[in-house]
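Single-letter residue listing:
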Amino acid sequence: MPKRQTARRTPDPAHLTRFMRSLHEDQAKLRDIQSVYDNLTLLGQLLCAGTDITRMRTDFNDLAGELLGQLGQELRRKAVLSLGSDARVAIDILVRNLFERTADIGFLATDEDIRAFAEAAAQAPETLDAGRRTALVARFDEYVRKYSVYHNIILLAPDGELLAQLDGANPVTRSADPLVAEALATDAAYLEVFRATDLLPRESMPLIYAYRVMSRDGSRPVGVLCLCFRLEDECRRIFEGLLDEDDWTVITVLDDAGRVIASSDVYQFPVGARLERAVGDDCRIVRFAGREYLATTRETHGYQGYAGPGWVGHALAPLEHAFDMAVAHELDAVPEDVRAGVLETATLFSPALRAIPERAGTIQRELNRAVWNGNLWLRRDGYAFNTSFAKVLLWEIGSTGVRTRNVFSDSTTNLYETVVSSVLYDCAAKAALAMDIMDRNLYERANDCRWWALTSAFRGTLASGGALGHTQRDRLTGILRTINRLYTVYSNLMVFDSSARVVAVSNPAYTELIGQALPAEWVRETLALPDTQSYCVSPFGPSPLYGGEATYVYSAAIRAPDGRGEPVGGIAIVFDAAPQLVAMLHDALPRKENGGVVDGAFAVFAERDGRIVASTDPALVPGMRLELGREFLDLAPGEEHANIIVFRDRYYAVGSRMSAGYREYKGPDDRYRNDVVALVLVPLSDHVPAAGGRSVRSEQAAEYAVRQTGGEDAVEVATFHIGGAWYGVRSENVVEALDRQQVTAVPGMPDWVRGCVMYRDQAISVFDLSAVLPGRAPLAGDGQIVVLQVPECEAKFGILVDDLGEIPEIARSRIEAVPSMMNGRGQSLTESLVKPLPGGSDRRILVILSAAAVLRRLTGIGERTETLELPILRLEAR
């Protein structure tokens, strides 16, 4: 008895994260830091040195939880995207194929040879000798050699008696299956049957397309024709095209009862097993045969109004491997500078994702400020208990801030890369889908021209020789129009004789071609084809047979009824390329959750030299050359490539796939070669950063932060960054660092006076040194305020800084006074310079500013000149 899925449930995010191995490293790093926060918080509260980081610890825990949640959500989304894509593509490709079969049965049931045989069987069965039956079976064989999706063709009498079949080993002589009566009576254009039947007793669940064969006058049915589809073989080809050998995903096709009718791994999910269809859910966890799977079900989009037999695609992956594919390996080939540019400018990230680095930066700034203020507290209260311990604690808090920033930076980068890699993966998958659709579609075109060339009326009429009369021409025209009405992918069908002159067309707009010779090279090649399996295709380009637009023309030679001698003419079928190719591309475009096309996404078919065949972007017309790297075009059959490029001054994710053909089409025995690449492009950003525009904020080298040991005389300097440069002030002149507050502007003040803030119930002025320091860019909006004091005049004021640095103890031997020639006649703000450590890798010079000089320069206090009148800060020289 077939196994049945025994449990299902909506995935619990906490349960899923247990299987996200790439998430575990981030979890471990964040847990380690979380433990450090716990310890430092307790020690800081005991020390009471301005080192209480309780709020920062809470912020860290909140942000860590949110980051891990976002990472888990993106890993889940990418895994579901992969499974959903496999399920959707599998069912859509299959349904497209079956749509072609619905047209086949309707047309083949009108075949003159089949009709004549069935009618003779009904009226004069004694005339059906072995030779005539052999000839019909040979015709069946010709059909299946071209349309190799079928394994048998069966012709039945209206009472179910077997008249002829291709597979002589199939043990059937009469059928009692209800499909015979249904095919005789149906009002539909075809009958689609998927179940056990006595027509194919050796198959458990065959797929058959059937329709009635009518008499010549159309008054009564004389038979039922059945086309037996190679379902297992077709599904195997679809699955192999979607899955790699090491892929853990299993793709199945389920019928309307949830029964597996095709499986990429029959050992895990055998045909006949029952699974619960999860239509309407993005994914579910299911348990089957004692193992848990992440599963998703996708319905078909349908094709030209045909939705198939009610089947769905159902893809599953063992839960312990479901998220292996979500690791961002798609970015491995992306250059580092491009990757960094994309992560900086991508428009894919939600405000919540973009806020994570900013919030992590806020935590680090708060920790740095706590360290700063703690060190200042120790300087002011030198008698404090266990000063050495306090310094170690402060050092650890500062180090934790750096670790916090680095862990969040790495984890956020992983998160961003997962988002971007999902888009790149989708582009590659959609390019493969577009190419598969095109190959399969054009396979049918190659089949059509060859089969229609075997039409008895065409062969007999052209073999008769001489000019055709109106009756003959009208008959051929009628047949062509009947075919064209059934096969709407063609703009015109035409028959030409052995001198390449057109004798009949299906499209009345091209009637003037009748009697004219077709001069194209492909016509001469058609008339020289060696057999009924051969065909020709014109190069893609503008054609007078298609109103001057670019298209493909498929053609095959028409031979005399006995098949001997040279061709007596040919048939040419003009593919309606403009709408058909664009429709193929449109069906492969990446979609949003609401089903709409991703904004700015477009798809292209192009030849190996980059010349465009079709595009969903109106600005890219056939004949233009698409300017892309050769790596997207120089591919082997079936090979794919994905990367990120700069195109139209934006970053785009690009996936490409080279044509590989389908079944016999472009196969090893097919002379036809036409290298076409499908490309899918999705914008990742709305601009590209200017060269050198991505600045990395200067970080203080560790060698400067090493505290002095031993008895060497040292000076403590509080350091900070302004406009990318490194400055410091002697710590005895620093009161405290504040988070940047809303500075109240003061009208009528110079550029360097930003305004004032309240500090300990006192209004103090805030200055922007970037306005007076040479070559310094204006400060960013997320800086901090350092409160300075000048004891000589009891003045307190604030300066804006970008970032806080360390407060190292620097040996006096490394500090040099500013030479008099650089003093600017007493206007310089610089007090001294700190030389780099001998042999150190960081050769920057630390500039120590004088608090008194800053106050004097910006307010005039301490000079004999008039004091600058500030509404909030009114200080006079003592």
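A quick note: this is a predicted structure, and the numbers were derived from the prediction, not measured.

Cut-offs and rules
Residues numbered from 1 in each chain as written. Predicted model: local features only at pLDDT ≥ 70, side-chain atom pairs only at ≥ 80, totals over all residues. Heavy atoms only, no water. Axes fitted to C-alpha atoms, helices over the stretch in contact; angles between N-to-C directions. Helix = DSSP H or I, 4+ residues; strand = E, 2+ residues; numbered from the N terminus. Parallel < 35°, antiparallel > 145°, perpendicular 65-115°, else oblique. Left-handed = near helix turned anticlockwise from the far one by under 90°. Contact = heavy atoms within 4.5 Å. Nonpolar A, V, L, I, M, F, W, Y, C, P; charged D, E, K, R; others polar. Expected span 1.5 Å × (residues − 1). Buried < 20%, exposed > 50% of the residue type's maximum accessible area, 1.4 Å probe, protein only. Arc of directions from axis to C-beta. Pairing = 2+ DSSP bridges.

Caption draft 1: Structural view of the packing of helix α11 (residues 456-463) against helix α12 (residues 470-486). Where α11 contacts α12, the axes come no closer than 10 Å and their chain directions differ by 155 degrees. By the criterion of interaxial angle, the relationship of α11 to α12 is roughly antiparallel. Crossing angle aside, the handedness with which α11 passes α12 is left-handed. Contact residues: A457, F458 and T461 in α11; Q472, R475, L476, I479 and L480 in α12. Each residue belonging to the contact of α11 with α12 can be placed in one class, and the counts come to 5 nonpolar, 2 polar and 1 charged.

Caption draft 2: Local environment of α12. For α12, with 17 residues, the first-to-last C-alpha span of 24 Å sits near the 24 Å given by 1.5 Å per residue. Listed in full, the buried residues belonging to α12 are L476, T477, L480, I483 and N484. Seen end-on, α12 carries its buried residues on one side only, within an arc spanning 125 degrees. When the buried face of α12 is taken as reference, the exposed residues oriented beyond 90 degrees from it are H470, T471, D474 and R485.

Caption draft 3: Molecular detail of the sheet that holds strand β12 (residues 490-497). Taken in spatial order, the 5 strands line up as β13-β12-β18-β17-β14 in an open sheet, and their pairing is antiparallel. The open sheet has two free edges, formed respectively by β13 (502-505) and β14 (536-537), since each of these has just one partner strand. Where β12 lies against strand β18 (residues 569-575), 7 bridges are found, and the strand directions are antiparallel. For N492, the partnering residue across the bridge sits in β18 and is V574. Helix-sheet contacts for α11 involve β12, β13, β17 (553-558) and β18, and the interaxial angle to β12 is about 35 degrees. Along the sheet, α12 contacts β12, β13 and β18; its crossing angle with β13, the most-contacted strand, is approximately 45 degrees.

Caption draft 4: A look at unusual backbone geometry. The phi dihedral of Q304 falls on the positive side, at around 50 degrees, and the residue is not glycine. Here Q304 is to be found in the loop between β10 (291-299) and β11 (312-318). Its relative accessible area of 45% is what places Q304 among the partly exposed residues. Unlike most non-glycine residues, R663 shows phi in positive territory, near 50 degrees. Residue position: R663 is located in the loop between β22 (650-658) and β23 (676-683). Residue classification places R663 among the buried residues on the basis of a relative accessible area of 12%.

Caption draft 5: Highlighting helix α7 (residues 231-242). Look at α7: 17 Å from first C-alpha to last across 12 residues, which is about the 16 Å you get at 1.5 Å a residue. Three or more residues of α7 are buried, namely L231, D233, E234, C235, I238 and F239.

Caption draft 6: Geometry of the pairing of strand β7 (residues 250-254). By the criterion of burial, β7 is predominantly enclosed, with 5 of the 5 residues buried. Relative to β11, β7 is paired through 5 bridges, and the arrangement is antiparallel. Residue pairing across strands places T252 opposite H314, the latter belonging to β11. Examined bridge by bridge, β7 and strand β8 (residues 260-263) share 3 bridges and lie antiparallel to one another. Bridge pairing in β8 links V253 to A262. Two successive antiparallel strands, β7 and β8, enclose a turn made up of 5 residues, where G258 displays a positive phi of approximately 80 degrees.

Caption draft 7: Examining the sheet that holds strand β5 (residues 207-214) more closely. The 5 strands lie next to each other as β3-β2-β6-β5-β4, forming an open sheet whose pairing is antiparallel. One side of each edge strand has no neighbouring strand; the edge strands of this open sheet are β3 (162-165) and β4 (191-194). Strand after strand, the sheet turns through a mean of 25 degrees between neighbouring axes, direction not considered. In the sheet, β4 pairs with β5 via 4 bridges, with the strands oriented antiparallel. Considered in β5, the bridge of L191 is made with A210.

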